[in-house]
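Structural description and commentary
Chain residues, written in single-letter form:
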Amino acid sequence: MSVVTELGYLGLSVSDLAAWRAYAAEVAGMEVVDEGEGDRLYLRMDLWHHRIVLHADGSDDLAYMGWRVAGPQEFAAMQEKLSAAGIPFTVGSEAEACERRVLGLLKLADPGGNPTEIFFGPQVDTHKPFHPGRPMFGKFLTGSQGIGHCILRQDDVEAAARFYELLGLRGSVEYHLHLPNGMVAQPYFMHCNDRQHSVAFGLGPMEKRINHLMFEYTDLDDLGMAHDIVRGKKIDVALQLGKHANDQALTFYCANPSGWLWEFGWGARHSTGQQEYYTRDIFGHGNEAAGYGMDIPLL
């Protein structure tokens, strides 16, 4: 049976490559790789050729997200599964797979219209040590847990859940958040490995395809340094430092140069495999800068 094993990579459409170069390296600590193509930069978080591609095309939004399957057999089985479910897809050409630095590639869209790719065989540059863009005490948490998690725009949560279940993710409603208008927000979280969740949706209307990307440090001091740098540079913080109830990660959310959010985190627990729900976060995550789609009470 073919299932995805991780959220392996992201492509981001950006309007200011120079600002992103500085943000990724000097704030987050990622390694910036410029291979002279002019229209893109690559961001490394580990020994993969890249985890994020910054495409200079100006839309300042998610361009695509890549889900990994184990190998060519699972890749073929996934095509059969998608065909049987009536989900349209195209098989990427050799040139398209080469551009993504993978051995095989499928292109499709999820129910919210988010460009989705399924791949196998990423290029892993074990000969090239990872060099962070700024001094770091530890590393980024990737490996079998993938790049992190994304919150996506979905108009039909049930359809989105069915789609990602078909890919092999499991999910549930994990928060019942009581809103000032009397309604209850119930975002939906899904996982495919030990990471507590790799994708989530159900936050309501969103201007962009993506609300935020969460990534995680292996050392608490790197989160602290990032927080100091963000405050020193006076970058908008949408949610202050706090600890989630579901993944129990210590995180904060700040704006990136494209006007949406990166969530910097540390210390998340693994997925439990059994459903729970929560009515608030453990502490913190107070609202600060408005206008980033996170103005919901997590406490």
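Quick caveat: nothing in here was measured; it's all calculated off a predicted structure.

Considered domain by domain, the protein is made up of domain 1 (6-122) and domain 2 (149-287). Centre-to-centre, using C-alpha coordinates, domain 1 lies 20 Å away from domain 2. Counting residues at the interface gives 38 residues for domain 1, matched by 35 residues for domain 2. Both sides of the domain 1 and domain 2 interface together cover about 2800 Å² of buried area, and 70% of this is carbon and sulfur. When residues of domain 1 are sorted by the area they lose upon contact with domain 2, Y23, V27 and W67 head the list and together hold 21% of the total. Remark: the boundary between domain 1 and domain 2 carries 1 salt bridge. Here E26 ties to K233 by a salt bridge, and the two come within 3.7 Å at their closest N and O atoms. Across the contact surface, domain 1 and domain 2 share 12 residue pairs in polar contact (both at pLDDT 80 or more). At the level of secondary structure, the elements contributing two or more residues to the side of domain 1 that touches domain 2 comprise β1 (6-14), α1 (17-28), β5 (61-68), α2 (72-84), β7 (104-109) and β8 (115-120). Class assignment of the residues belonging to the side of domain 1 that touches domain 2 gives a composition of 26 nonpolar, 6 polar and 6 charged.

Let's shift gears to the sheet that holds strand β16 (residues 237-243). If you walk across this open sheet you meet the 9 strands as β10-β13-β14-β9-β15-β18-β17-β16-β19, and the pairing is mixed. Each having just a single partner strand, β10 (170-173) and β19 (283-284) make up the two edges of the open sheet. Across 2 bridges, the pairing between β16 and β19 is antiparallel. Across the sheet, G242 pairs through a bridge with G284, a residue of β19. Docked against the sheet, α1 engages β15 (210-217), β17 (250-255) and β18 (261-266), running at close to 15° with respect to β18. Strands β9 (149-152), β13 (188-191) and β14 (199-201) of the sheet are contacted by helix α4 (residues 157-167), whose axis makes an angle of about 5° with β13.

Rules used throughout
Residues numbered from 1 in each chain as written. Predicted model: local features only at pLDDT ≥ 70, side-chain atom pairs only at ≥ 80, totals over all residues. Heavy atoms only, no water. Domains from an automatic or database assignment. Contact = heavy atoms within 4.5 Å. Buried area = accessible area lost by both parts, 1.4 Å probe. Salt bridge = Lys/Arg side-chain N within 4 Å of Asp/Glu carboxyl O. Polar contact = N/O pair within 3.5 Å; in protein donor to acceptor, adjacent residues only side chain to side chain. Helix = DSSP H or I, 4+ residues; strand = E, 2+ residues; numbered from the N terminus. Nonpolar A, V, L, I, M, F, W, Y, C, P; charged D, E, K, R; others polar. Pairing = 2+ DSSP bridges. Axes fitted to C-alpha atoms, helices over the stretch in contact; angles between N-to-C directions.

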